[in-house]
Amino acid sequence: MTVFEATCTAPVNIAVVKYWGKRDTSLILPTNSSLSVTLNQDQLHSKTTIRASADFTSDRLWLNGIEESIPSNNRLVACLRETRALRTEMEAKDSALPKLAQLNIHICSENNFPTAAGLASSASGYACLVYTLSQLFQLPLDHSDLSIVARQGSGSACRSLFGGFVAWDMGEKADGSDSKAVLIEDEKHWPDLQALICVVSDAKKGTSSTAGMQLTVKTSPLLQHRIKDVVPKRMEDMIAAIKEKDFPRFAELTMRDSNQFHAVCLDTYPPIFYMNDISRSIIRIITEYNKDGVKAAYTFDAGPNAVIYAPKENMAEIYAILSHYFPGHVFDDSLSLLKDGASVAALPEN
Ligand code: 2P0
């Protein structure tokens, strides 16, 4: 029996203008546009293999070697439904195409980064799932089109369909057809920019992003100010800073946006805390390091781990300073260019 198979990898992305809040929770439509930097996937990626065969009696999924239920995962079901519907349309138009849409599939997905790196895997994971399905089904879609499907797996996943600097345009339409990822500049644009990932804690976060952001939408007046008065202008400024490779401007916008994201978490009722004392110490160290001119930027997502962006020439010094204050196990201290991969460092809890 013929087995059809595709294998793909997809990268991790770290937002510099954060996504936080949905206006539609089932289609995953955000309350604001966002922008991220994609880390090189030679070092950090999800890898997915999907097989389709008439021999398979049901759809099955393995994540990092452990079988998971598909029917209980609405988001995964949505990605499968959307891609199969597109394949069904293609098969209806061209009878010579193999009938793949009706076959059961087996999905095997794994991350090459250690769990201890504290990176969210849903972005690279869903981007990879959707891209691999598109390859298996030979879908005639570009990466922006595919991002609309990946978005329905996890919002931040839509931005992992591109390398480099990627905006997620929130869109306006109720059906989500204009809420998609757009490439701002590719991964070759700013090779001097590097990222260092500081692992403060690898513990699972207390409040999931999905639950946390909806509590924020429901309860935080500050979020309303952020989405109306701050993010639209910040998106424009950030795109200009990236295009001009203006590091001090990029860095200030990145740090301000991280600060405001954590402020809206604190403004949520009851409040959500993602940073801890070590996270706040890292902010103080980077602030002190920047006192005579901005040489590094911190950003924190829905957890205590820091990502530091800096020009290549400053990275060894930043690494030495952080290692001095937070000596600990180091996963990988190679300070390669961002386009060649992020550096991953580990910092102890206290
Ligand atoms: C971001 N985060 O822009 C922001 C910054 C966390 C803080 O995207 O519910 O895991 O799957 O759409 O994508 C985390 O949210 O949430 C996130 P869902 P997701 O990267």
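Under the annotation held in an unreviewed UniProt entry, the protein carries the name Diphosphomevalonate decarboxylase and is attributed to Entomortierella parvispora. The protein has a UniProt comment under Pathway (unreviewed entry) that states "Isoprenoid biosynthesis; isopentenyl diphosphate biosynthesis via mevalonate pathway; isopentenyl diphosphate from (R)-mevalonate: step 3/3." The protein has a UniProt comment under Catalytic activity (unreviewed entry) that states "(R)-5-diphosphomevalonate + ATP = isopentenyl diphosphate + ADP + phosphate + CO2".

Enquirer: Outline the nonpolar core, supporting the account with residue identities and numerical values.
Expert: In this structure, L35, A127, V130, A150, C198, I308 and I318 are the most contacted members of the largest nonpolar core, which totals 93 residues. Top contributing element to this core by residue count: helix 2 (residues 122-136), with nine residues. In terms of domain composition, this core takes at least three residues from each of domain 1 (3-185) and domain 2 (193-346). If sequence neighbours within four positions are ignored, A127 has contacts with A10, A150, A157, S160 and L161.

Enquirer: Before we move on, could you go through helix 5 (residues 221-243) and cite the residues and values that matter?
Expert: Note: α-helices contain 3.6 residues per turn, so residues at a spacing of three or four share the same orientation. For helix 5, with 23 residues, the first-to-last C-alpha span of 32 Å sits near the 33 Å given by 1.5 Å per residue. The sharpest bend along helix 5 comes to roughly 45°, located at V230, with the proline P232 sitting one to four residues further on. Buried within helix 5 we find L223, R226, I227, V231, R234, M235, M238, A241 and I242. Contacts from the buried residues of helix 5 go to strand 2 (13-17), strand 5 (34-38), strand 10 (165-169), strand 11 (180-185), helix 4 (209-219) and helix 6 (247-267).

Enquirer: Tell me what's going on with the domain arrangement of the protein, and back it up with residues and numbers.
Expert: According to the domain assignment, the protein consists of domain 1 (3-185) and domain 2 (193-346). Placing a centre on the C-alpha atoms of domain 1 and another on those of domain 2 gives a separation of 25 Å.

Enquirer: I'd love a proper account of the environment of W190, names of residues and values included.
Expert: The topology assignment puts W190 in the loop between strand 11 and strand 12 (193-199). Among the residues examined, W190 registers 22 C-beta atoms within 10 Å and is labelled buried. Sequence separation of W190 and F165 is 25 residues, and the distance between their C-alpha atoms is 9.4 Å. Discounting chain neighbours no more than four positions away, the residues touching W190 are E185 and K245.

Enquirer: Account for the sheet that holds strand 7 (residues 60-63), naming residues and giving values.
Expert: Spatial strand order, 1-6-9-7-8: five strands in an open sheet with mixed pairing. On the outer flanks of this sheet lie strand 1 (3-11) and strand 8 (66-68), each paired with one strand and no other. On average, each strand axis in the sheet is inclined to that of its neighbour by 20°, with strand direction left out of account. Relative to strand 6 (residues 45-53), strand 1 runs antiparallel, the two being bridged by nine bridges. Note that in strand 6 the partner of C8 across the bridge is T48. Those strands touched by helix 2 are strand 1, strand 6 and strand 9 (104-111), and its axis lies near 145° from that of strand 1.

Enquirer: Describe the pairing of strand 12, listing the residues and the values that go with them.
Expert: Look at any regular strand and the pattern is simple: side chains alternate between the two faces of the sheet. With seven of seven residues buried, strand 12 lies mostly within the body of the structure. Covered by surrounding structure in strand 12 are L193, A195, I197 and V199 together with Q194, L196 and C198, the residues of both alternating faces.

Enquirer: An account of the packing of helix 7 (residues 277-289) against helix 8 (residues 312-325) is requested, with residue identities and associated values reported.
Expert: Viewed as axis vectors pointing N to C, helix 7 and helix 8 meet at an angle of 140°, and their least axial separation amounts to 11 Å. When the interaxial angle is binned, helix 7 and helix 8 end up oblique. Between helix 7 and helix 8 lies a crossing of right-handed hand. Together, S281, I285 and Y289 of helix 7 and I318, I321, L322 and Y325 of helix 8 make up the contact between the two elements. Class assignment of the residues belonging to the contact of helix 7 with helix 8 gives a composition of six nonpolar, one polar and no charged.

Enquirer: Requested: an account of the sheet that holds strand 5, with residues and values cited.
Expert: Pairing within the open sheet is antiparallel, and its four strands lie in the order 2-5-10-11. The sheet is open, and its two borders are formed by strand 2 and strand 11, each paired with just one other strand. Shown here is a sheet whose adjacent strand axes are inclined to one another by a mean of 35°, direction ignored. One ladder, built from five bridges, connects strand 10 with strand 11; its direction is antiparallel. Counterpart to D169 in the pairing with strand 11 is K180.

Enquirer: Kindly report on the site of the ligand, identifying the contributing residues and their values.
Expert: Close to the ligand lie 15 residues; A15, Y19, S154, G155 and S156 are nearest. Broken down by class, the residue content of the shell around the ligand amounts to six nonpolar, seven polar and two charged. Residues lining the shell around the ligand come from more than one domain, with at least three contributed by each of domain 1 (3-185) and domain 2 (193-346).

Reading the values: the criteria
- Residues numbered from 1 in each chain as written.
- Predicted model: local features only at pLDDT ≥ 70, side-chain atom pairs only at ≥ 80, totals over all residues.
- UniProt positions renumbered as here; feature names shortened; annotations may be inferred.
- Core = buried A, V, L, I, M, F, W, Y, C linked by C-beta atoms within 7 Å.
- Buried ≥ 20, exposed ≤ 12 C-beta atoms within 10 Å, placed from the backbone.
- Helix = DSSP H or I, 4+ residues; strand = E, 2+ residues; numbered from the N terminus.
- Domains from an automatic or database assignment.
- Contact = placed C-beta atoms within 7 Å.
- Expected span 1.5 Å × (residues − 1).
- Bend = angle between axes of the 7 residues up to and from the residue.
- Pairing = 2+ DSSP bridges.
- Axes fitted to C-alpha atoms, helices over the stretch in contact; angles between N-to-C directions.
- Parallel < 35°, antiparallel > 145°, perpendicular 65-115°, else oblique.
- Left-handed = near helix turned anticlockwise from the far one by under 90°.
- Nonpolar A, V, L, I, M, F, W, Y, C, P; charged D, E, K, R; others polar.
- Near = placed C-beta within 6 Å.

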